[in-house]
Amino acid sequence: MAEPVEAVRPGPRAWGLLIATEAKLVLRDTAGIVVPLGLPVLLMVMNGLGSDGAGIPELGGLPAFDAVVVPMTMAMVLAMTGVVNMPSFLATYRRTGVLRRLSVTPAHPWMVLAAQVVVGVAQSLIGIGLALVVARLGFGLAAPRSPLGAVAAFALVVVAMYALGMLVAAVSPTPNSAVAIGLVAFFAIFATGGGFGGRQHLPEWLAAVGAHLPFGAGMDVLTACWTGVVPDAGQLIALAVSAALSGIAAAALFRWT
């Protein structure tokens, strides 16, 4: 009688290969690379060219480009990669049976989800790095006055955006529906968060809601760090709650088949 074979969980080398494979698949999606990285930078440049660079007292003497446009660009890159791009890959894996087949191997399907998040965050960092370089060289962007706070706030926005993206992936039965739901979610938080103009132009109740959704809250806390003021505690809590609720809902609703 043959002795039972003990399953061995994948080690660091397997993780590295999986992340490298996911990165190759993402790189083959040209639109998924160009749009989330190029569109926010293009909009940022257009706003920069239309700005006079004058300091605004309400923004700590910084120009609107530094204190508002750049944080908005950072939040936009994160939203497009986390809420729109990533869910379409995960829905494709579900539709083609990749996740189901992985479930009977030592490599748990959660590894694919984790690898996609790693690749997505790396893509976001590249896009934001590109935006910051362009903003610095082209428009003299000033460094955030609260650099450590900006790093912490950025990490919180990343978690909130990608948790929302996981929820989109969880409820999307097909790749096309993932893109559609992701775009609807993106434009909902983008519009109410001030992406199409100041929230003061929205109804008061809608502006208040948008200010506490991931895009509006993320943009505002990054703006606060850039201007050197303490971010609004309510918005920080809203980002944490959004990340927690989206993550819990995604875990409960996610289907492997």
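Here the structure is a predicted model, which is why all the values come from computation and not from measurement.

**Focus: the overall build of the protein**
Then comes step 1: Check the secondary structure of the protein and you find 10 helices and 0 strands.
Then comes step 2: Taken from the N to the C terminus, the helices and strands of the protein come in the order α-α-α-α-α-α-α-α-α-α.
Then comes step 3: Along the longest, intermediate and shortest principal axes, the C-alpha atoms of the protein span 80 × 40 × 30 Å.
Then comes step 4: Summed over all atoms, the accessible surface of the protein reaches about 12600 Å², with 72% contributed by carbon and sulfur.
Then comes step 5: Between the centroid of the 12 positive side chains of the protein and the centroid of its 10 negative side chains there is a distance of 15 Å.

**What to know about the nonpolar core**
Then comes step 1: Membership of the largest hydrophobic core comes to 63 residues, with the highest contact counts inside it found for Met44, Val70, Leu78, Met161 and Phe215.
Then comes step 2: When contributions to this core are tallied by element, the ones reaching two or more residues are α1 (12–28), α2 (30–49), α3 (64–95), α5 (110–139), α6 (147–171), α7 (175–192), α9 (214–227) and α10 (233–253).
Then comes step 3: Per element, the largest residue contribution to this core is 18 residues, and it comes from α3.
Then comes step 4: In this structure, Met44 is in contact with Phe65, Val69, Val70, Thr73, Ala131, Val134 and Ala135, ignoring residues within four places of it in sequence.

**Some words on the side chain of Asp66**
Then comes step 1: Of note, Asp66 is situated in helix α3.
Then comes step 2: In this structure, Asp66 is buried with no salt-bridge partner, the nearest side chain bearing the opposite charge being Arg136 at 7.1 Å.
Then comes step 3: A distance of 2.8 Å separates a polar side-chain atom of Asp66 from the backbone nitrogen of Ala142.
Then comes step 4: When neighbours within four sequence positions are excluded, Asp66 is seen to be in contact with Pro71, Gly140, Leu141, Ala142 and Trp226.

**Comments concerning the environment of Val112**
Then comes step 1: Secondary-structure assignment places Val112 in helix α5.
Then comes step 2: Taking relative accessible area as the criterion, Val112 reaches 3% and is therefore assigned buried.

**A closer look at the packing of aromatic side chains**
Then comes step 1: Overall, the coordinates contain 6 aromatic pairs when judged by the stated rule.
Then comes step 2: Note on Phe190 and Phe196: the rings are 4.9 Å apart at their centroids and 90° apart in plane angle, and the pair reads as edge-to-face.
Then comes step 3: For Phe190, a relative accessible area of 4% gives the class buried.
Then comes step 4: Under the relative-accessibility criterion, Phe196 is labelled exposed at 60%.
Then comes step 5: Considering the side-chain rings of Phe190 and Phe215, the 5.0 Å spacing of their centres and the 70° angle between planes classify their relative orientation as edge-to-face. With Phe190 in helix α7 and Phe215 in helix α9, the pair connects residues that are 25 residues apart, well separated along the chain.

**A closer look at the packing of α2 against α3**
Then comes step 1: One can describe the packing of α2 onto α3 by two numbers: an axis separation of 10 Å at closest approach and a directional angle of 165°. If you check the angle between α2 and α3, you find them roughly antiparallel. α3 is crossed by α2, and the crossing has right-handed handedness. Counting all contacts with α2, which are made through Gly32, Val35, Pro36, Leu39, Pro40, Val41, Leu43, Met44, Asn47 and Gly48, the residues of α3 involved are Phe65, Val69, Val70, Thr73, Met76, Val77, Met80, Thr81 and Asn85.
Then comes step 2: For the contact of α2 with α3, the per-class residue count stands at 13 nonpolar, 6 polar and no charged.

The rules behind the values
- Residue positions are counted from 1 within each chain, in the order its sequence is given.
- Local features in this predicted model are restricted to residues whose pLDDT is 70 or higher, and side-chain atom pairs enter the listing and the counts only when it is 80 or higher, whereas totals over whole chains, interfaces and linings include all residues.
- Only hydrogens and water are set aside when side-chain values are computed; all heavy atoms of the structure are taken into account.
- Strands here mean DSSP runs of E at least two residues long; helices mean DSSP runs of H or I at least four residues long; both are numbered from the N terminus.
- Throughout, the Shrake-Rupley method with a 1.4 Å probe supplies accessible areas, and for residues the shown protein chains are the sole cover considered.
- For the purpose of charge, His is not counted, nor are the chain termini; Lys and Arg are scored as positive and Asp and Glu as negative.
- Lys charges are placed at NZ, Arg charges at CZ, Asp charges at CG and Glu charges at CD.
- What we call a nonpolar core is a set of buried Ala, Val, Leu, Ile, Met, Phe, Trp, Tyr and Cys residues that are connected through their side-chain atoms within 4.5 Å.
- Relative accessibility under 20% of the residue-type maximum defines a buried residue, over 50% an exposed one, and the middle range a partly exposed one, all with a 1.4 Å probe and only protein chains included.
- Here, two residues are considered to be in contact whenever any of their heavy atoms come within 4.5 Å of each other.
- By definition, a salt bridge exists where a carboxyl oxygen of Asp or Glu is found within 4 Å of a side-chain nitrogen of Lys or Arg.
- Two N or O atoms count as a polar contact when they lie within 3.5 Å, although within protein this holds only if one can serve as hydrogen donor and the other as acceptor, and sequence-adjacent residues are included solely when both atoms are side-chain atoms.
- Note on aromatic contacts: the rings of Phe and Tyr and the six-membered ring of Trp form a pair at centre separations within 6.5 Å, being stacked when their planes are under 30 degrees apart, edge-to-face when over 60 apart, and tilted otherwise.
- In this description, a line fitted to the C-alpha atoms serves as the axis of each element, helices being fitted only across the stretch in contact, and the angle between N-to-C directions of two axes falls anywhere from 0 to 180 degrees.
- For classification, angles of less than 35 degrees are called roughly parallel, those exceeding 145 degrees roughly antiparallel, those between 65 and 115 degrees roughly perpendicular, and all remaining angles oblique.
- Left-handed describes a crossing whose near helix is turned anticlockwise from the far helix through less than a right angle; right-handed describes the clockwise counterpart.
- Residues were grouped as follows: Ala, Val, Leu, Ile, Met, Phe, Trp, Tyr, Cys and Pro as nonpolar; Asp, Glu, Lys and Arg as charged; and all remaining residues, including Gly, as polar.

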